[in-house]
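# Structure assessment
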Amino acid sequence: MAPILEVRNLTRQFGKGKETVTAVDSISFAIEPGETVCLVGESGCGKSTTGRMVAGLIEATSGEVIFEGTNIKRLDSAAFRRYRQSVQIIHQDPYSSLNPTQTIRQIITAPLLRHKKVPNKAAAERRALELLEVVDLTPARDVIDKYPHQLSGGQRQRVAVARALTVDPKFIVADEAVSMVDVSIRVSILTMLARLKKEFDVTFLFITHDLALAKYFAWEGRITVMYLGRIVEDGPTPRLIADPRHPYTQALLSAVPEADPELAQHKRQIELRDAEIPSLLALPRGCTFHPRCPYSLPGQCDGAVPPLEPLPEGGRVACPVRMGESIRLLV
Ligand SMILES: Nc1ncnc2c1ncn2[C@@H]1O[C@H](COP(=O)(O)OP(=O)(O)OP(=O)(O)O)[C@@H](O)[C@H]1O
Ligand SMILES: [Mg+2]
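Residues numbered from 1 in each chain as written. Chains lettered and ligands numbered in written order. Predicted model: local features only at pLDDT ≥ 70, side-chain atom pairs only at ≥ 80, totals over all residues.

### Notes on the sheet that holds strand 11 (residues 309–310)
As summarised here, the arrangement of the eight strands in space is 6-7-8-3-9-10-12-11, forming an open sheet in which the pairing is mixed. The sheet terminates laterally at strand 6 (87–90) and strand 11, the two strands that pair on one side only. Relative to strand 9 (residues 222–227), strand 3 (residues 36–40) runs parallel, the two sharing four bridges. Across the sheet, residue Leu39 finds its bridge partner in strand 9, namely Thr224. (Pairing = 2+ DSSP bridges. Helix = DSSP H or I, 4+ residues; strand = E, 2+ residues; numbered from the N terminus.)

### Describing unusual backbone geometry
Going from Thr138 to Pro139, the amide bond is cis rather than trans, its omega being -10°. Phi is positive for Glu176, which is not a glycine, with a value near 50°. The residue Glu176 is located in the loop between strand 7 (171–175) and helix 8 (183–199) in this model. For Asp201, which is not a glycine, the phi torsion comes out positive at approximately 60°. Mapped onto the fold, Asp201 is located in the loop between helix 8 and strand 8 (203–208). For Asp201, a count of 12 C-beta atoms within 10 Å puts it in the exposed group. (Buried ≥ 20, exposed ≤ 12 C-beta atoms within 10 Å, placed from the backbone.)

### A few points about the site of ligand 1
Near ligand 1, the surroundings consist of 14 residues, among which Phe14, Ala23, Ser43, Ser48 and Thr49 are the closest. Class assignment for the residues of the shell around ligand 1 results in five nonpolar, eight polar and one charged. (Near = placed C-beta within 6 Å. Nonpolar A, V, L, I, M, F, W, Y, C, P; charged D, E, K, R; others polar.)

### Here we look at the sheet that holds strand 4 (residues 62–67)
Here we have four strands laid out as an open sheet, ordered 2-1-4-5, and antiparallel in their pairing. Each edge of the open sheet carries a strand with a single partner, namely strand 2 (21–31) and strand 5 (70–71). The strands touched by helix 1 (residues 47–54) within the sheet are strand 1 (5–14), strand 2 and strand 4, with strand 1 carrying the most contacts at an inclination of about 120°. (Contact = placed C-beta atoms within 7 Å. Axes fitted to C-alpha atoms, helices over the stretch in contact; angles between N-to-C directions.)

### Focus: the environment of Arg186
With respect to the helices and strands, the residue Arg186 is situated in helix 8. Classification of Arg186 by C-beta neighbours within 10 Å gives buried; the count is 20. Between the C-alpha atom of Arg186 and that of Pro307, which follows or precedes it by 121 residues, the distance is 36 Å. Setting aside residues no more than four positions away along its own chain, Arg186 makes contact with Val178 and Val181.

Structure, rendered in structure tokens:
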């Protein structure tokens, strides 16, 4: 199947001169229609910058974003507007993305009318009620006249999802979409998003720093692990979780608390040599993980940047030292 989205050598820098940082450094991946891909990694590794380039909110410094077979740089302004509607982004903090002076009715009906998704105000109101029901804000009539501050964090995030759905997106970038929501309602929002995936035929790029969430949301999909702007490993979720190959993925996974005490007892901890993430302004040579990596070899890891190589089991890994080696975290 042809990918719905492909990025090739996508790079984004910020700042000038000596202060220039490469937030995203030549990453390449493709996502098929209907697939769910999770981008994971620690704070500052370039996840949101990637999501914002994919959604057309910021331009790449170099490299390409190809959506439905077309390089977005080649789109004329009308086609670019259609692409911006097709790819919606849901942010971490719905409170800052929802206008506090507007009711939910205004927030949902305005894009429906502006993008001519409905013929008139009455139809916009009907569609708004439908969309609120779709995101489980029921009864919708009780919610539609409220202001964002009158809703809980979880309800606001549902409104943000309903607003994204007004323009019939084909692709949703969910950037830490449940990170600010109470743990108790996270699962219900994730379940709702998973339902939308099927009902609305949308493809998800789900961004999170939390591997446990990635595992839950993208079990049938893939996980892509980023470290300091680069992809260090990706692959089908069950493989990546059961048999992580990059020492950084192993370290992330070993830090995920195990709910089952029996399993927790047997879980292997990966001890990093250094807890600090290096600054983007002073990146280590070669593999940027090598100063923290328990397996790094002088002369091998501090020279050239390791390429992302395909694994026979599926996915890719950028670590020649551990390429062929499995580590069982549960021993
Ligand atoms: N507009 C900007 N101007 C300058 N630097 C930026 C800008 N946006 C991002 N950066 C820098 O780029 C790097 C990557 O940031 P990004 O927001 O993509 O990371 P992230 O993985 O989403 O992190 P988090 O988990 O904290 O959301 C960071 O060092 C950040 O400071
Ligand atoms: Mg972010």
